[in-house]
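Results of the structural survey
Each chain, letter by letter, is given below.
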Amino acid sequence: MKENTKETFIPADIHTHSTLSHDGKDAPELLAARAFELGIKHFALTDHIENEKMDSWDFWGALERSYGVYRSLKEQYEGRMEVYYGAELGQALYDLPQAERILKEHDFDFVLGSCHRTKSYARIDRLPDTDEDRYRCLDEYFEEQLALAEWGGFCALSHLDFPLRFISGDVGGHDIDMSRYDSIISRILDVIIKNDIALEVNSSGIRKGLHVTMPSPRYVQLYHDKGGRMITVGSDAHRACEVGADIPQALSMLRGIGYNEICVFRRKQPIFIQI
Ligand SMILES: [Zn+2]
Ligand SMILES: [Zn+2]
């Protein structure tokens, strides 16, 4: 196990994907082994549950296998690394009865609430190349996140400004006037605070062309200024080598804003850990 300094300190990574996700590349055991090797003390696999297209891939089968995988990793790392039973629930509101049934039937420790598409744009990564489409996608995205936050059946709101990964930065390269979303993002943050939902700081934006976390630091600062205290941190790794990636940089940003703790979840209850 590596010795940790502030530059390498990774207390937790609770957003990761294995081959139990349609887009995961490595077996769950490899991701957990990498987490342990990095000295991570709190680890969760959060394989995708893409609620509106469960039959488009073997999401049901993966969901049923995920509990056994969690139990076996928990046992393997007992006393050395805390392992949590996690999931990333996408598009919960597109079929709310089904989402609620899945949550009722699976006793997750930790559920990320996510939007990976909008009503008009099934592929945010392949938007038509017009400003009109980019803004329409963002308009819908934040409206849908607000509705998701108001429903509130999850622990942490994932990658708040996710479409920017494809629209701006190295991937999209387009300048976006984000000031038009100040008001709705402010409302989303108010709602998650009211509903005791954590804000996820997703470090994948750093390595995937945005060079900053998702959400970007200015929204983390706004959440802090509103009194928000529940932050989770995740790499959104889809391969073992990405576990923990850029989390030290995300923690340094959080410390700069004034946070000295983040949280993880056991049985959907927050546990605060020092950073
Ligand atoms: Zn996601
Ligand atoms: Zn993810």
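To keep things clear, this report deals only with the structure shown in the data block. Keep in mind the model is a prediction, meaning the values are calculated, not measured. (Residues numbered from 1 in each chain as written. Chains lettered and ligands numbered in written order. Predicted model: local features only at pLDDT ≥ 70, side-chain atom pairs only at ≥ 80, totals over all residues.)

Re the packing of helix H4 (residues 131-151) against helix H7 (residues 182-194)
Running from amino to carboxyl end, H4 crosses H7 at an angle of 15 degrees, the nearest separation of the two axes being 9 Å. Compared by their axis directions, H4 and H7 come out roughly parallel. Remark: the crossing between H4 and H7 carries left-handed chirality. Facing H4, whose interface residues are Phe142, Gln145, Leu146, Ala149 and Glu150, H7 presents Ile184, Ile185, Arg187, Ile188, Val191 and Ile192. Residue composition of the contact of H4 with H7, by class: 8 nonpolar, 1 polar and 2 charged. (Axes fitted to C-alpha atoms, helices over the stretch in contact; angles between N-to-C directions. Helix = DSSP H or I, 4+ residues; strand = E, 2+ residues; numbered from the N terminus. Parallel < 35°, antiparallel > 145°, perpendicular 65-115°, else oblique. Left-handed = near helix turned anticlockwise from the far one by under 90°. Contact = placed C-beta atoms within 7 Å. Nonpolar A, V, L, I, M, F, W, Y, C, P; charged D, E, K, R; others polar.)

Considerations on the packing of helix H9 (residues 217-225) against helix H10 (residues 247-257)
Taken N-terminus to C-terminus, the directions of H9 and H10 make an angle of 40 degrees; their axes are 10 Å apart at the nearest point. Taken together, the axes of H9 and H10 lie oblique to each other. Relative to H10, the crossing made by H9 is right-handed. Where H9 approaches H10, its residues Pro217, Val220, Gln221 and His224 are matched on the opposing element by Met253, Leu254 and Ile257.

A closer look at the nonpolar core
If you look at the biggest cluster of nonpolar residues, it comprises 77 residues, and the most contacted ones within it are Leu199 and Ile231. When residues of this core are assigned to their parent elements, the largest contribution, 6 residues, is made by H4. Those residues within four positions of Leu199 in sequence are excluded, and the remaining contacts are Ala156, Leu157, Ile192, Tyr223, Gly228, Met230 and Ile231. (Core = buried A, V, L, I, M, F, W, Y, C linked by C-beta atoms within 7 Å. Buried ≥ 20, exposed ≤ 12 C-beta atoms within 10 Å, placed from the backbone.)

So, the environment of Ile262
On the secondary structure map, Ile262 appears in strand E9 (residues 261-266). Overall, the presence of 26 C-beta atoms within 10 Å leaves Ile262 in the buried class. With 65 residues separating them along the chain, Ile262 and Ile197 place their C-alpha atoms 13 Å apart. The residues touching Ile262, leaving out its near neighbours within four places in the chain, are Ala12, Ile231, Thr232, Val233, Leu254, Ile273 and Ile275.

Quick word on unusual backbone geometry
In this structure, Pro215 follows Met214 across a cis peptide bond, with omega equal to 0 degrees. Along the chain, Pro215 turns up in the loop between helix H8 (204-207) and H9. Look at His211: it is not a glycine, yet its phi comes out positive at around 65 degrees. Position of His211 relative to the elements: it lies in the loop between H8 and H9. With a phi angle near 60 degrees, Asp246 is a residue other than glycine that sits in the positive phi range.

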